[in-house]
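Results of the structural survey
One letter stands for each residue in the lines below.
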Amino acid sequence: MKVSVIKDILSANDEIALQNRQLLDKHGICVMNVMASPGGGKTSLILRTIDALRDRVRIAVVEGDIASTVDADRVAKKSVPVVQINTGGQCHLDAPMLRLALAKLPLADLDLVMIENVGNLICPVDFKLGENLNVMIASAPEGDDKPYKYPGIFIAVDAVVINKIDLLPYLRFDMPAFRKLILGMNPDVHIFEVSCETGQGTEDWAEWVAQQIQTKLK
Ligand code: MG
Ligand code: ZN
C-alpha cells in the first residue's frame, strides 16, 4: 500500500514538472537544479556563477529553504530576480513549489534560472522540477567516500562540482580516486574542481554553464 501511495505522489509531481518544463521551453529558459548537503556551497556557487555570467546571461534564482531567507538575501544583493520558497520543513523542493516560484519571475527576460534545492543528498533526486540540468556540489571536507553513501545523486546528475579545494592541503581527500569513483558510476558526468572562496576553477565551471545554455537554445 505504502509504495503505491508514494508512486502516486511522484507521478502527480512529474505531471507538473512537465508543465513547468513546457512553460520554460516556451521562453527558451535553461533551468539548473543545484543540490548538495547543507554547507556544501550551493549559494556560494550560485553567486560565483552570477558574477561570471551576468554580462551575457540573464539570470534569476529560486531559493529553496526550510525556513530562513538568509540565502535569498545574499542573492538579492547581486540585483538579480530571486524568489524564496520556504518549504515549511519539507526536505526537498517539488514541481508545484517551482510552479509557484516561476509565476513570480519575469520569464520573458531570462536565459537561466538556477534553483537552490534544500540541503539534502537523498530525496531531491526523486522529485523532478522541470529542470534541464542537475548539478551536485560535493565539498572536499565532506570526504571522498560520499559516492559510496549516496550513489543515487552521483548517478543522476549532469555535473559534480567539487568545492572547497582550497582546503585540500588540510584534508585526507584522494582526488584521483574520487574522480575515478564518480566516473565509474556516471561515465558522462562533468567534474569541476573549484573553490567558491578563492574563485579558483569557477570560470571553467561558468563556461560550461554558458555552453549548456547555448546548446539548450539551439
Ligand atoms: Mg545556501
Ligand atoms: Zn525530502
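Everything discussed here concerns the structure shown above.
For the structure given in this document, a descriptive report is provided here. (Residues numbered from 1 in each chain as written. Chains lettered and ligands numbered in written order. Predicted model: local features only at pLDDT ≥ 70, side-chain atom pairs only at ≥ 80, totals over all residues. Heavy atoms only, no water.)

**Concerning the overall build of the chain**
Under the convention used in this document: In this description a helix means any DSSP run of H or I spanning at least four residues, a strand means any run of E spanning at least two, and both kinds are numbered starting from the N terminus. Think of it in three bands: with a 1.4 Å probe and only protein chains considered, a residue is buried below 20% of the maximum accessible area for its type, exposed above 50%, and partly exposed in between. Between two residues, a contact is recorded if the distance between any of their heavy atoms is within 4.5 Å. Note on areas: these come from Shrake-Rupley sampling with a 1.4 Å probe, and a residue is covered only by the protein chains present in the view. In this charge count, Lys and Arg are treated as positive and Asp and Glu as negative; neither His nor the chain ends contribute. Just so you know, the charge point we use is NZ for Lys, CZ for Arg, CG for Asp and CD for Glu.
Each helix and strand in the chain was counted, giving eight helices and seven strands. Each principal axis of the C-alpha distribution contributes one length, and for the chain these read about 50 × 45 × 35 Å. Counting the 218 residues in the chain, one finds 49% classified as buried. Long-range contacts, defined here as pairs at least 24 residues apart, represent 74% of the contacts in the chain between residues at least 6 apart. Entry remark: accessible area of the chain is about 10500 Å², with carbon and sulfur atoms responsible for 53%. Positive and negative charge centroids in the chain, built from 23 and 28 side chains respectively, lie 1 Å apart.

**A short note on the environment of Ala210**
Relative to the helices and strands, Ala210 is located in helix 8 (residues 202–217). A sequence separation of 160 residues divides Ala210 from Ile50, and the C-alpha atoms of the two residues are 11 Å apart.

**Overview of the coordination of the magnesium ion (ligand 1)**
Test applied: Note on donors: an N, O or S atom is included if it sits within 2.8 Å of the metal, or within 3.2 Å for Na, K and Ca, and water is never included, so sites can look incomplete.
Donor atoms from the polypeptide that coordinate the magnesium ion (ligand 1) comprise Thr43 (OG1), Asp71 (OD) and Glu116 (OE), at 2.1 Å from the metal. Motif for the magnesium ion (ligand 1), donor spacing along one chain: T-x27-D-x44-E. Placement of Asp71 in helix 3 (residues 70–76) and of Glu116 in strand 4 (residues 112–116) is noted, with a sequence separation of 45 residues between them. By the burial criterion, Asp71 is buried, and Glu116 matches it.

**Focus on the pairing of strand 4**
Stated formally: Here a strand pair is declared whenever DSSP counts at least two bridges between the two strands.
Buried residues dominate strand 4, accounting for five of its five residues. Sheet analysis places strand 1 (residues 30–36) next to strand 4, joined by five bridges and oriented parallel. Directly across from Met32, in strand 4, lies its bridge partner Met114. When strand 2 (residues 59–65) meets strand 4, the two strands line up parallel, connected through five bridges. Each bridged residue has a counterpart across the sheet, and for Ile59 the counterpart in strand 4 is Leu112.

**Regarding the pairing of strand 6 (residues 159–163)**
Summarising burial for strand 6: five of the five residues are buried, a large majority. Burial of the side chains of strand 6 extends over both faces: Ala159, Val161 and Asn163 are buried on one face and Val160 and Ile162 on the other. Bridging between strand 5 (residues 133–139) and strand 6 involves five bridges; their strand directions are parallel. If you follow Ser139 over to strand 6, its bridge partner there is Asn163. Where strand 6 meets strand 7 (residues 190–193), four bridges bridge the pair, whose relative direction is parallel. The residue of strand 7 that forms the bridge with Val161 is Phe192.

**Observations concerning the environment of Val135**
Following the sequence through the fold, Val135 ends up in strand 5. Separated by 103 residues in the primary sequence, Val135 and Met32 place their C-alpha atoms 7.1 Å from one another. Setting aside residues up to four positions removed in sequence, Val135 forms contacts with Met32, Asn33, Val34, Met35, Val157, Ala159, Val161, Trp205 and Trp208.

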